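# Structural overview
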Amino acid sequence: MDNLNHNNNNNRNNSSRALSGFIIAIIGFGLLLNNMHLNIPNWILSWSNFLILIGVFIGIRRNFKGVAWLILILIGAYNTLDNIPDLNFDPSKYALGIGLVIVGGFLIFRPKDSELSFLKSKARKKAKFDFDGTKSDKTANNNDIIDVMAVFGGSTQTVYSKNFQGGDISAVFGGADIIMTQADFPETVSLDVTAVFGGIKLIVPQNWAIKSNVTALFGSVEDKRSHVMPVSEMTKTLVLDGTALFGGIEIKSF
């Protein structure tokens, strides 16, 4: 079972890294085209299409769970249509109605994942989706696996599990604070972290070693612990995989 979980984590991390690289390559290609002064309409290289790209990125990474990715795509699509000058169509008249129909239809007809339901009932994972930019959610997470998403909002969670198995943390135009000072695991655990125009703060014990495999593009990963123990005294290793795109990931201790 441990080998199976390890292989699943490796496959997830590899696919996330490949997808992150693909998104970064597309952004770089768009910047190149923009600087080559080609006759490309401005709406093609607009921020709204970048928002659509982020939505697709999150949807694929999270197996299209929840509606966060869909809302990002809808917001981006609305602004892209609104910026097309020769389009004889006013999206503002129909945006709200069409958006509600799409989101409602997705919630009604989306296929049920029996395996995911089984894992949720067994591990009782929690996912936080917060779209209110002024609201911060604070919850206690007693589970072995965490699944956190903060989109245009904030999420604060405390992990108490003594058999912590890692998980997935995403902050898109928002922030996520994960307190793990009371968590424990045998030797090594992996976290998949994604910060896109947002920030992730990980509060960990002093005796945890941090190994970062995060791809940082106009972003950063910083270990800001003031008193880090010698390597010989560190008995746990937290491995970080993922992407920091115009965002930051901080590691701190109380």
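Fair warning: this is a prediction, and the values are worked out from it, not measured in the lab. Throughout, a residue's number is its position along its own chain's written sequence, starting from 1. Per-residue local features are limited, in this predicted model, to residues with pLDDT of at least 70; the limit for side-chain atom pairs, both in listing and counting, is 80 or more; totals at the level of whole chains, interfaces and linings are taken over all residues. The side-chain values count all of the structure's non-hydrogen atoms but skip hydrogen atoms and water molecules.

### Focus on the overall build of the protein chain
Runs of H or I in DSSP of at least four residues are treated as helices and runs of E of at least two as strands, each being numbered from the N terminus. Along the backbone of the protein chain there are five helices and eleven strands. When accessible area is computed with a 1.4 Å probe and restricted to protein chains, residues below 20% of their type maximum are described as buried, those above 50% as exposed, and intermediate ones as partly exposed. Here the protein chain holds 254 residues, and the buried ones make up 40% of them. If you take every contact in the protein chain between residues at least 6 apart in sequence, the share linking residues at least 24 apart comes to 60%. Summed over its atoms, the accessible surface of the protein chain is roughly 14,000 Å², and 58% of this surface lies on carbon and sulfur atoms. Here, residues are in contact when the closest pair of their heavy atoms is within 4.5 Å. Residue burial considers only the protein chains on display, and all accessible areas are found by Shrake-Rupley using a 1.4 Å probe.

### So, the packing of helix H2 (residues 47–61) against helix H3 (residues 68–83)
Helix axes are fitted to C-alpha atoms over the stretch in contact, other axes to C-alpha atoms as well, and angles between N-to-C directions run from 0 to 180 degrees. Axis separation between H2 and H3 bottoms out at 7 Å; the angle between their running directions is 160 degrees. Looking at the two axes, H2 sits roughly antiparallel to H3. Note on packing geometry: the crossing formed by H2 with H3 is left-handed. Where H2 abuts H3, its residues Trp47, Ser48, Asn49, Leu51, Ile52, Ile54, Gly55, Val56, Ile58 and Gly59 lie against Trp69, Leu72, Ile73, Ile75, Gly76, Ala77, Asn79, Thr80 and Asn83. For the contact of H2 with H3, the class distribution of residues is eleven nonpolar, eight polar and no charged. Roughly parallel means an angle under 35 degrees; roughly antiparallel means over 145; roughly perpendicular covers 65 to 115; every other angle is labelled oblique. Whether a crossing is left-handed or right-handed is set by the direction in which the near helix is turned from the far one by less than a right angle, anticlockwise for left-handed and clockwise for right-handed. We call Asp, Glu, Lys and Arg charged. Ala, Val, Leu, Ile, Met, Phe, Trp, Tyr, Cys and Pro are nonpolar, and the rest, Gly among them, are polar.

### A word on the confidence of the model for the protein chain
Within the protein chain, residue pLDDT values average 76, and 76% of them lie at 70 or more. Across residues 113–135, confidence stays below pLDDT 50; counting only partners more than four residues off in sequence or on other chains, it has 42 contacts. Here pLDDT means the predictor's own confidence in every residue, given as a number from 0 to 100.

### Re the sheet that holds strand E6 (residues 188–196)
Taken in spatial order, the five strands of this open sheet run E2-E4-E6-E10-E8, and their pairing is parallel. The sheet is open, and its two borders are formed by strand E2 (146–151) and strand E8 (208–217), each paired with just one other strand. Recorded for the sheet is a direction-independent mean angle of 15 degrees between the axes of neighbouring strands. Pairing geometry for E6 and strand E10 (residues 236–245), over nine bridges, is parallel. Opposite Val193, over in E10, you have Gly242 as the bridge partner. One requirement defines pairing of two strands: DSSP has to find at least two bridges between them.

### Focus: the packing of aromatic side chains
Stacked, tilted and edge-to-face are the three classes assigned to paired rings of Phe, Tyr and Trp, where Trp is represented by its six-membered ring and a pair needs centres within 6.5 Å; plane angles under 30 degrees give stacked, over 60 edge-to-face, the rest tilted. Counted according to the given criterion, the structure contains five aromatic pairs. Relative to Phe197, the ring of Phe173 lies with its centre 5.1 Å away and its plane at 5 degrees, an arrangement referred to as stacked. With Phe173 in the loop between strand E4 (167–172) and strand E5 (175–179) and Phe197 in the loop between E6 and strand E7 (199–203), this residue pair connects regions lying 24 residues apart in the sequence. Seen in terms of ring centroids, Phe197 and Phe246 are 4.9 Å apart; in terms of plane orientation they differ by 5 degrees. Their pairing is stacked. In this pair, Phe197 sits in the loop between E6 and E7 while Phe246 sits in the loop between E10 and strand E11 (248–252), placing the two residues 49 residues apart along the sequence.

### Notes on the side chain of Thr80
Take Thr80: it is sitting in helix H3. Taking the relative accessible area as the measure of exposure, Thr80 reaches 7% and is therefore buried. A polar atom in the side chain of Thr80 sits 2.7 Å from the side chain of Ser48. Apart from residues no more than four positions distant in its own chain, Thr80 is found in contact with Trp43, Ser46, Ser48, Asn49 and Ile52. Polar contacts here mean pairs of N or O atoms no more than 3.5 Å apart (in protein, one a potential hydrogen donor and the other a potential acceptor; neighbouring residues in sequence count only if both atoms are side-chain atoms).

### What about unusual backbone geometry?
The backbone of Phe173 sits at a positive phi, close to 55 degrees, despite the residue not being glycine. Judged by relative accessible area, which is 30%, Phe173 ranks as partly exposed. Even without glycine at this site, Phe197 takes up a positive phi of about 50 degrees.

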